[in-house]
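Structure at a glance
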Amino acid sequence: MTAAPWNPLSLPSQKGRTIVVTGGNAGIGYFIVEQLAQAGARVIIASRSEQKARAAMDAVTQRVGAVDLDFVPLDLSSLDSVREGAARVNALGGFDVLINNAGITGPGKERQTTAEGHELVVGTNFLGHFALTALVFPGIRPGGRVVGLGSLSAGSTELEADDLYSEREYKPSRAYGFSKHAVHGLAFELDRRLRAAGDSRASLLAHPGWASDKFTPRVPGINDRPSRIPNPLPMPQGKDRGAWPIVRAATDLAAASGTFFGPDGMGALAGNPVVVTPPESSADSAFGAVLWDDAERRSGVTFRV
Ligand SMILES: NC(=O)c1ccc[n+]([C@@H]2O[C@H](COP(=O)([O-])OP(=O)(O)OC[C@H]3O[C@@H](n4cnc5c(N)ncnc54)[C@H](OP(=O)(O)O)[C@@H]3O)[C@@H](O)[C@H]2O)c1
């Protein structure tokens, strides 16, 4: 008997599961939270703004009814904040899924840095998540998983691993592409280490394709403002649908560690979530090993699997 195709409109019940979503206050993250909460999960929004997180919790409650939501303060561009946020997550006493969704999607024209002096886009999208994942990993229950937010932009940005933090050259799109190569690299390296250790936990990756605010249902208090991403394409996918591959990676327990989900249509820009192939450079084990050691050194956080 073949399994029924995955249906984003009818998720398996998530009752009894606790899921942490970074950047769950806005954009795709908001809809990840809403869809998982609707399916019964307890969802923790890790956000740098308590006000925005509370607005998201109110909006989810209004749209899908009484749900179990909480908030943890987290600014990924500061490793002190990451340590404090991780301590709050660890105080939950165990959880099932970490979704590393937050990210700088519109990098500045000039190179900026995190609180510790690392290039801001890679420092936030990758290094902050590396440290967070390392610090909360012991609290992920057996059979639990980490989901990274990948992007097609890794495929369109040639990886220069010796300049990941744009010390030689800075261009906004290059820094963003590098950050997503690093997010891919972490997901696949974590997968390799988990399997080598015989650990029951999993590392998966998902990308939303192209999900534009322009086609996203209005949610009062969440996305009233005009689009922050220029959208030159006639592309009918909002951030609600962009959330589907990520929600699938978090909930499809038949999907093994190392699986990468993305949309199946319009040249992988939109559609239903299916298994996709990463760029070779992101998935390369030599890149993953160097990336991991360098991230431990830069963050001062040892990630033991
Ligand atoms: N939209 C797309 O087409 C697309 C395509 C490929 C990949 N992605 C990835 O999908 C994820 C979500 O994208 P999106 O389109 O939903 O972006 P978005 O609407 O700009 O939302 C980004 C989220 O990340 C949070 N964030 C940014 N910097 C942070 C920091 N220093 N600490 C904590 N949170 C921070 C934001 O919080 P604030 O509200 O406080 O700013 C917000 O919640 C990102 O990882 C992005 O790279 C998106």
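Check the entry above for the structure.
These numbers come from a predicted model, not from an experiment. (Residues numbered from 1 in each chain as written. Predicted model: local features only at pLDDT ≥ 70, side-chain atom pairs only at ≥ 80, totals over all residues. Heavy atoms only, no water.)

Once that is clear, we can look at unusual backbone geometry. Here the phi dihedral of S166 falls at roughly 50°; this positive angle occurs in a residue that is not glycine. By the secondary structure assignment, S166 is in the loop between α5 (153-156) and α6 (172-197). The residue A268 is not glycine, and still its phi comes out positive at about 70°. Inspection of the secondary structure puts A268 in the loop between β7 (260-265) and β8 (270-275). With relative accessibility at 23%, the residue A268 sits in the partly exposed group. (Helix = DSSP H or I, 4+ residues; strand = E, 2+ residues; numbered from the N terminus. Buried < 20%, exposed > 50% of the residue type's maximum accessible area, 1.4 Å probe, protein only.)

Once that is clear, we can look at the pattern of salt bridges. Applying the stated rule across the entire model yields 20 salt bridges. Among the salt bridges present, the one from E189 reaches R193, with a minimum N-O distance of 2.8 Å. Of this pair, E189 and R193 both sit in helix α6, separated by four residues, roughly a single helical turn. Overall, R193 belongs to the partly exposed group, its relative accessible area being 26%. A salt bridge links D252 to R248, with the shortest nitrogen-to-oxygen separation between them at 2.9 Å. D252 gets classed as buried once you look at its relative accessible area, which sits at 12%. Under the relative-accessibility criterion, R248 is labelled buried at 16%. (Salt bridge = Lys/Arg side-chain N within 4 Å of Asp/Glu carboxyl O.)

For the rest of this paragraph, the subject is the nonpolar core. By size, the foremost hydrophobic cluster in this structure holds 44 residues, and its most contacted members are L98, F126, L164 and F303. Contributing elements (two or more residues each) for this core: β2 (42-47), α3 (79-90), β4 (95-100), α4 (120-136), β5 (140-149), α6 and α10 (285-299). What F126 contacts, discounting residues up to four positions off in sequence, is V121, Y165, S179, A182, V183, L186, L291 and A295. Membership of the second largest hydrophobic core comes to 39 residues, among which are W6, L36, A37 and A249. (Core = buried A, V, L, I, M, F, W, Y, C linked by side-chain atoms within 4.5 Å. Contact = heavy atoms within 4.5 Å.)

Let us now look at the pairing of β2. Among the six residues of β2, five are classified as buried, and the element is accordingly described as predominantly covered. For strand β1 (residues 18-22) and β2, the ladder comprises five bridges, and the chain directions are parallel. Paired with T22 across the strands is A46, a residue of β2. On the question of chirality, the crossover connecting β1 to the parallel β2 by way of helix α1 (residues 27-38) is right-handed. Taken together, the five bridges between β2 and strand β3 (residues 69-73) define a ladder with parallel strand orientation. Pairing of I44 across the sheet is with D70, part of β3. With respect to chirality, the unit in which β2 leads through helix α2 (residues 50-64) into the neighbouring parallel β3 is right-handed. (Pairing = 2+ DSSP bridges. Right-handed = clockwise from strand over helix to strand, strands pointing away.)

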